[in-house]
Amino acid sequence: MALAELAALPSSSAYANNGIRVSYVITQNRRFQLRPRLNSKITCSVVSNEVQTPVAVNAEDLKKKPECFGVFCLTYDLKAEEETKSWKKMISVAVSGAAGMISNHLLFKLASGEVFGQDQPISLKLLGSERSFQALEGVAMELEDSLYPLLREVDIGIDPYDVFQDVDWALLIGAKPRGPGMERAGLLDINGQIFAAQGKALNAVASRNVKVIIVGNPCNTNTLICLKNAPDIPAKNFHALTRLDENRAKCQLALKAGVFYDKVSNVTIWGNHSTTQVPDFLNAKINGLPVKEVIKDIKWLEEEFTVKVQKRGGALIQKWGRSSAASTAVSIVDAIKSLVTPTPEGDWFSTGVYTAGNPYGIAEDIVFSMPCRSKGDGDYELVKDVIFDDYLWSRIKKTEAELLAEKKCVAHLTGEGIAVCDLPEDTMLPGEN
């Protein structure tokens, strides 16, 4: 969904000639930090046959006294002030692809308190590329000018080992889009290398309980790659974003039933974030009733509804020539809030998670979208009280087969040997033409 930009870094007046880290202040206790350009290549860049090892930050540079200018010399110790009588301890959120369109919508929601609450101070760590660095500076300037009281820090950089330091949440959006003539296998390899490198960085420097949501496509298999490269972080902490698919399914059911979408609940997206995904109307409810009791048109449910959800992204692109950045940002917000807010009694939400120990009989060791509930503590449990019929199960098996084939394609990135790529068909991602 987002573009990983891989080009040269333009010169920036934000850095002194000696490459010293510069620290700016937004208000008397809100810091805005710009990372220095390091003498290294972008660490999420890829080569054809191997993952490039990220280059760590030069610790000696960071020990030097930062230069300041005017009001920006008024630097305060945030660590001493991050807890107040009315606010929680500050949390740190990393966002990759931070100069892209999705992030342009998302970052301001994060900074405003809409996501984590109006009593939750936040530090934003923005990861970009050499080509996008100047745009990252612009994003940081807009955040600075917005005067969000809860936004305590903004860091920008191109080294995930620096940006991911001690983060509590990592929202990995940046990825290369599928270009003309590119096979799905090629996209899996190119983006897989990016997420392998970012997984290693998270494993090395992030909080041991970091929660990771992966948006960059193909997001299910990218999530598998990322978690396999972060063995010291619980696999359960990794999520592939399928919430936008769930939101689209709810909208279509509401339209067909003639109700507002808040009357639709218990919607599950099963499987892969591709056109094999399975929007589940069997377990879904409208006004507390099973969907099939409200919508009697079974042919519409099995054919038109499913296809509309699977191809909604492509239909949107045809209408206005760009992908669904704003609604994707909203779905990321929804996904986070579902983990930090207790799930309403009897309801659930969809997210792509690791299948180890799942109660449904779905293949182990893949990332598969399934129904989950949360107590609001950042963790989740799989929902057990769901039913299957032949129609639903046959489609679940099809999307499962696709994910198992994708897993074989990236074996070289997950430590499982030589990659063998034999995809059952070249399915598209939602939003591809």
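Residues numbered from 1 in each chain as written. Predicted model: local features only at pLDDT ≥ 70, side-chain atom pairs only at ≥ 80, totals over all residues. Heavy atoms only, no water.

### Here we look at the overall build of the chain
Per the secondary structure count, the chain includes 14 helices and 16 strands. Burial analysis of the chain (433 residues in total) assigns 56% to the buried set. Carbon and sulfur atoms make up 52% of the accessible area of the chain, which amounts to about 18600 Å² in all. (Helix = DSSP H or I, 4+ residues; strand = E, 2+ residues; numbered from the N terminus. Buried < 20%, exposed > 50% of the residue type's maximum accessible area, 1.4 Å probe, protein only. Areas by Shrake-Rupley, 256 points an atom, 1.4 Å probe, with all protein chains shown as cover.)

### A look at the packing of aromatic side chains
Within this structure, the stated rule accounts for ten aromatic pairs. Relative to Tyr-360, the ring of Trp-270 has its centre 5.1 Å away and its plane inclined at 90°; by these criteria the two rings are edge-to-face. Pair noted here: Trp-270 is in strand 10 (residues 268-270) and Tyr-360 is in the loop between strand 14 (349-354) and strand 15 (367-373), with a separation of 90 residues, a long-range link. Both residues of the pair, Trp-270 and Tyr-360, belong to the buried class. With 5.3 Å between their ring centres and 75° between their planes, Phe-388 and Trp-393 make a pair best called edge-to-face. Residue Phe-388 is classed as partly exposed on the basis of its relative accessible area of 32%. Here a set of aromatic residues connected by ring pairs shows up, and it is made of Trp-270, Tyr-360, Phe-388 and Trp-393. (Phe/Tyr/Trp six-rings, centres within 6.5 Å; stacked < 30°, edge-to-face > 60°.)

### Looking at the pairing of strand 6 (residues 169-172)
In strand 6, alternate side chains face the same way, and those of Trp-169 and Leu-171 on one face and Ala-170 and Leu-172 on the other are all buried. Bridging between strand 3 (residues 91-96) and strand 6 involves four bridges; their strand directions are parallel. Residue pairing across strands places Val-93 opposite Trp-169, the latter belonging to strand 6. As paired strands, strand 6 and strand 7 (residues 211-214) are joined by four bridges and run parallel to one another. Counted as the bridge partner of Leu-171 is Ile-213 from strand 7. (Pairing = 2+ DSSP bridges.)

### Regarding the layout of surface pockets
Reported here for the second largest pocket is a volume of approximately 630 Å³. Lining the second largest pocket we find 25 residues, and of these Arg-243, Glu-246, Asn-247, Lys-250 and Asp-334 sit closest to its centre. When contributions to the lining of the second largest pocket are tallied by element, the ones reaching two or more residues are helix 8 (243-257), helix 11 (312-320) and helix 12 (325-340). Among the elements that line the lining of the second largest pocket, the one with the most residues is helix 8, at eight residues. (1 Å grid on protein atoms, 1.4 Å probe; cavity = no way out; pocket = protein on both sides within 12 Å on 5 of 7 lines; lining within 4 Å. Points joined across faces, edges and corners; volume = space filled by probe spheres on them.)

### Quick word on the pattern of salt bridges
Overall, the coordinates contain 14 salt bridges when judged by the stated rule. The residue Glu-400 makes a salt bridge to Lys-397 at a minimum N-O spacing of 2.7 Å. With Glu-400 and Lys-397 both in helix 13 (residues 390-409), this residue pair falls three residues apart, about one helical turn. Residue class for Glu-400 comes out buried when judged on its relative accessible area of 6%. Here Lys-397 falls in the partly exposed class, since its relative accessible area comes to 33%. By sharing partners, the salt bridges in this structure join Lys-228, Asp-365, Lys-407 and Glu-416 into a single network. (Salt bridge = Lys/Arg side-chain N within 4 Å of Asp/Glu carboxyl O.)

### Some remarks on the packing of helix 6 (residues 184-205) against helix 7 (residues 219-228)
Here helix 6 crosses helix 7 at 35°, and the two axes come no closer than 7 Å. In this structure, helix 6 crosses over helix 7, and the sense of that crossing is right-handed. When helix 6 is examined against helix 7, the residues Leu-188, Asn-191, Gly-192, Phe-195, Ala-196, Gly-199 and Leu-202 are found in contact with a partner set consisting of Thr-221, Asn-222, Ile-225 and Cys-226. Tallied by class, residues from the contact of helix 6 with helix 7 come to six nonpolar, five polar and no charged. (Axes fitted to C-alpha atoms, helices over the stretch in contact; angles between N-to-C directions. Left-handed = near helix turned anticlockwise from the far one by under 90°. Contact = heavy atoms within 4.5 Å. Nonpolar A, V, L, I, M, F, W, Y, C, P; charged D, E, K, R; others polar.)

### Some points on the sheet that holds strand 13 (residues 289-290)
Backbone hydrogen bonds are what pair the strands of a sheet, in a parallel or an antiparallel way. The strand order 9-12-13 describes an open sheet built from three strands, whose pairing is antiparallel. If you trace the sheet from one side to the other, it starts and ends with strand 9 (264-265) and strand 13, each paired once. Sheet analysis places strand 12 (residues 285-286) next to strand 13, joined by two bridges and oriented antiparallel. Within strand 13, the position partnered with Ile-286 by the bridge is Leu-289.

### Regarding the side chain of Thr-221
On the secondary structure map, Thr-221 appears in helix 7. According to the relative accessible area criterion, Thr-221 is buried, its value standing at 2%. Apart from residues lying up to four places away in sequence, Thr-221 is in contact with Leu-188, Leu-403, Glu-406 and Val-410.

### A short note on unusual backbone geometry
Negative phi characterises most residues that are not glycine, and trans characterises most peptide bonds. Here Asn-217 and Pro-218 are connected by a cis peptide whose omega angle stands at -5°. In this structure, Pro-218 sits in the loop between strand 7 and helix 7. Positive phi outside glycine occurs at Asp-166, with the angle close to 60°. Along the chain, the position of Asp-166 falls in the loop between helix 5 (160-163) and strand 6.

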